[in-house]
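# Coordinates in review
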Amino acid sequence: MSKPRAITILTGAGISAESGLGTFRDPGGLWSRYDWRDLATPEGFARDPGFVLDFYNWRRERVRTARPNAAHLALARLAREGEAAVTLVTQNVDDLHERAGSPEVIHMHGTHLTARCAACGHRWPAPAVMAPADPCLACGRPATRPDVVWFGETPHHMGRIARALQATDLFVAIGTSGTVYPAAGFAAAARTAGASTLELNLEPGRNAGVFDAARHGPASEIVPEWVAEVLAER
Ligand code: APR
């Protein structure tokens, strides 16, 4: 394809796997050890908020001690040094893209960096440890929850993402299994709007058939390789 003027990138848990953060659906992944209905739904939170908050306290600590890997760093380089306008959308709630230097990150599934009040919606910087009795800093009610999007809830920034998919020349999915919508439908939407589509993943995802091209391998290897090629086209 000719040199892309606009590149839209979607990342998933696989880009953070080599930073030591588990994925969800790989063998040994989080959803093979925990039931997502208990930990990633409003109903599970209502049933046992202490269990859910403990899980996210553990995940937040894992993220705090993790480091961005070469794939995160390469995407930040692409945004800084490339000629194309890069829109980076992530399904991940970690902040490894930001810590790698990506200038703007669209967290469609929320972020572990903030807490949210389940009663009034107020957000504040997440404490190291969240507990069910923690009062909201605005309304005072004990309704602290992680500021992440659970199954059955509406992902964030969907209008902005839809506009990017309509305008992009190239859509790239990195480290995602292509199983959870709406994110799993982004490649098809971009392609329908005329974009080329590329999958960079350890193995073909569930929606692999929608990609024009694919490279399979560890993100820390195939993403820097791809970025170097894009930058060399300048
Ligand atoms: N490099 C590249 N890809 C990798 C690597 C790696 N080192 N390790 C794993 N992968 C790939 C796997 O092959 C898989 O396709 O990353 C993908 C991870 O898939 P999932 O575990 O399903 O994670 P993700 O696609 O991000 O899940 C989407 O589901 O549970 C919800 O909200 C959660 O945002 C998450 C959403």
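Calculation notes
Residues numbered from 1 in each chain as written. Predicted model: local features only at pLDDT ≥ 70, side-chain atom pairs only at ≥ 80, totals over all residues. Heavy atoms only, no water. Salt bridge = Lys/Arg side-chain N within 4 Å of Asp/Glu carboxyl O. Helix = DSSP H or I, 4+ residues; strand = E, 2+ residues; numbered from the N terminus. Buried < 20%, exposed > 50% of the residue type's maximum accessible area, 1.4 Å probe, protein only. Axes fitted to C-alpha atoms, helices over the stretch in contact; angles between N-to-C directions. Parallel < 35°, antiparallel > 145°, perpendicular 65-115°, else oblique. Left-handed = near helix turned anticlockwise from the far one by under 90°. Contact = heavy atoms within 4.5 Å. Pairing = 2+ DSSP bridges.

### Here we look at the pattern of salt bridges
Enumeration according to the criterion identifies 13 salt bridges in this entry. For Glu83, the salt bridge goes to Lys3, with nearest N and O atoms at 3.2 Å. Taken together, the residues span a long stretch of sequence, with Glu83 in the loop between helix 5 (70–81) and strand 2 (85–90) and Lys3 in the segment before strand 1 (6–11) at a distance of 80 residues. Of the charged contacts, one joins Arg77 and Glu81 as a salt bridge, the two residues approaching to 3.0 Å between their closest N and O atoms. Here Arg77 pairs with Glu81, and both are found in helix 5, just four residues apart, close to one helical turn. Taking the relative accessible area as the measure of exposure, Arg77 reaches 34% and is therefore partly exposed. On the basis of relative accessibility, which here comes to 34%, the residue Glu81 falls in the partly exposed class. Salt bridges linked by common partners bring Arg116, Arg123 and Asp147 together as one network.

### What about the packing of helix 5 against helix 9 (residues 219–232)?
Two elements in contact, helix 5 and helix 9, have axes separated by 7 Å at closest approach and are oriented at 15 degrees. Relative to helix 9, the element helix 5 is oriented roughly parallel. Taken as a pair, helix 5 and helix 9 cross one another with a handedness that is left-handed. Two secondary-structure elements touch here, helix 5 through Ala70, Ala71, Ala74, Leu75, Arg77, Leu78 and Glu81 and helix 9 through Ala219, Ser220, Val223, Pro224, Trp226, Val227, Val230 and Leu231.

### A word on the sheet that holds strand 6 (residues 144–148)
Ordered in space as 5-4-6, the three strands form an open sheet in which the pairing is antiparallel. This sheet does not close on itself; its edge strands, each paired only once, are strand 5 (123–125) and strand 6. On average, adjacent strands in this sheet sit at an angle of 45 degrees to one another, irrespective of strand direction. Across three bridges, the pairing between strand 4 (residues 110–117) and strand 5 is antiparallel. Of the residues in strand 5, the one forming a bridge with Arg116 is Arg123. In the packing of helix 4 (residues 49–65) onto the sheet, the strands contacted are strand 4 and strand 6, and the crossing angle to strand 6 comes to about 50 degrees.

Purely spatial values, then, with no claim about function.
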